[in-house]
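Letter by letter, the chains look like this.
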Amino acid sequence: MTPQLIQPTGVAHTRIYSYGAARGQNAVPNEDLIEPIDSSDEWIRQRTGIITRVRADADTSAIDLAADAAVEAIERSGIPADKIDAVIVATISNPKQTPSVSAIVADRVGANPAAAYDLNAACAGFAYGVAQADALIRAGAAHYAVVIGTEKLSDVVDPTDRSISFLLGDGAGAVVVGPSETPGIGPTIWGSDGSKADAVGMNHTLTEFRDGLAPWPTLRQEGPTVFRWAVWEMVKVARQAIEAAGITPDDLAAFVPHQANMRIIDEFAKQLKLPESVVIGRDIETTGNTSAASIPLATHRLLEEHPELSGGLALQIGFGAGLVFGAQVVVLP
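This write-up is about the structure you can find in this document. (Residues numbered from 1 in each chain as written. Predicted model: local features only at pLDDT ≥ 70, side-chain atom pairs only at ≥ 80, totals over all residues. Heavy atoms only, no water.)

**Overview of the packing of helix α2 (residues 62-77) against helix α3 (residues 101-109)**
Then step 1. Interaxial distance between α2 and α3 falls to 9 Å at its minimum, and their mutual angle equals 45°. Between α2 and α3, the angle falls in the class oblique. In the crossing of α2 with α3, the sense of the turn from one axis to the other is right-handed. Seen from α2, the contacting residues are I63, D64, A66, A67, A70, V71 and I74; seen from α3, they are V101, I104, V105, R108 and V109.
Then step 2. Within the contact of α2 with α3, the residues separate by chemical class into 10 nonpolar, no polar and 2 charged. (Axes fitted to C-alpha atoms, helices over the stretch in contact; angles between N-to-C directions. Helix = DSSP H or I, 4+ residues; strand = E, 2+ residues; numbered from the N terminus. Parallel < 35°, antiparallel > 145°, perpendicular 65-115°, else oblique. Left-handed = near helix turned anticlockwise from the far one by under 90°. Contact = heavy atoms within 4.5 Å. Nonpolar A, V, L, I, M, F, W, Y, C, P; charged D, E, K, R; others polar.)

Structure (structure tokens):
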């Protein structure tokens, strides 16, 4: 007789229990960045909506930011840290290629020996992480998960680059995901378009730098290409996420897109025909673009400023380097 394996199953539904945040310690106004790119405060505000961005001290890493955000999320969730059995970190700025940020953070916050891994989906990383936490818990592979988006993008900025350097900030946002009696995380619409991978990403490799063939790798982008893709293609993804969740835009309490550019955010809202009652995350104005951290940071700020959003539905959508994207509707804690 052939032995039969045990294949676990989990709960029917999940939800986000809480958010945590950590921002870089230093506010960097536009005036501090304009000389190397021969620009002006007015130009940056008109093009991006950014007044200032936050950047971390030199001795603060993406790991430090992630741990601080995770601690707040865990404390707010009411779930003991030793009950967290999965830690997922979305980042493109691990200071080392290995070990993972997640394993170090799991130990720092008291979740050791939780399963821990990093994922690289750039600005869509947080949405990817929430999708995976939801799936792991419903499959019975985890009971509670911490999902963190963390970035120290100031380490990969060329201050003379006009395409992206003035956009970027440092920070981390985290959530605790766990079982729920009712659906709290809608279906994730995700994917990629690697054919446009050169539109935004690193300009050199570490091996080229090692061999003296290139300077330190930094982020660059083709602004017009990214803008068109974000506005026209990502609106379609957002609509798919709303439809897959079984709701309409009128049911939303909040809209939290990746904080790439205020013009993109405003055009998004216009294309989606969101009612005026929907509160829109615009954290980019004072935090900047923090890639994988931007959605949880913006949501954390919305909940601080609008506690009445608790229990409402929020559409979150991330998109970025490698033209990777992910969107889902979630119930706010």
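**Quick notes on the nonpolar core**
If you look at soluble globular proteins, the nonpolar side chains tend to sit buried side by side.
Then step 1. Counting 48 residues, the largest nonpolar core has F255, F268, L315, I317 and F319 as the members making the most contacts within it.
Then step 2. Considering every element that reaches this core, the biggest residue donor is helix α6 (residues 223-244), with 10 residues.
Then step 3. When residues no more than four places from it in sequence are discounted, the contact partners of F268 are A230, M234, V235, F255, P257, I317 and F319.
Then step 4. Formed by 33 residues, the second largest nonpolar core is a distinct cluster that contains A133, A142, A254 and V324. (Core = buried A, V, L, I, M, F, W, Y, C linked by side-chain atoms within 4.5 Å. Buried < 20%, exposed > 50% of the residue type's maximum accessible area, 1.4 Å probe, protein only.)

**Considering α2**
Then step 1. For α2, with 16 residues, the first-to-last C-alpha span of 22 Å sits near the 22 Å given by 1.5 Å per residue.
Then step 2. Those residues of α2 not exposed but buried are A62, I63, L65, A66, A67, A69, A70, E72, A73, I74 and S77.
Then step 3. Lining the buried residues of α2 we find β1 (13-23), α3, β6 (145-152), β7 (170-180) and α9 (294-305).
Then step 4. The opening residue of α2, the one whose side-chain oxygen lies 3.2 Å from the backbone nitrogen of I63, is S61.
Then step 5. G78 sits one or two positions beyond α2 and adopts a positive phi of about 80°. (Expected span 1.5 Å × (residues − 1). Polar contact = N/O pair within 3.5 Å; in protein donor to acceptor, adjacent residues only side chain to side chain.)

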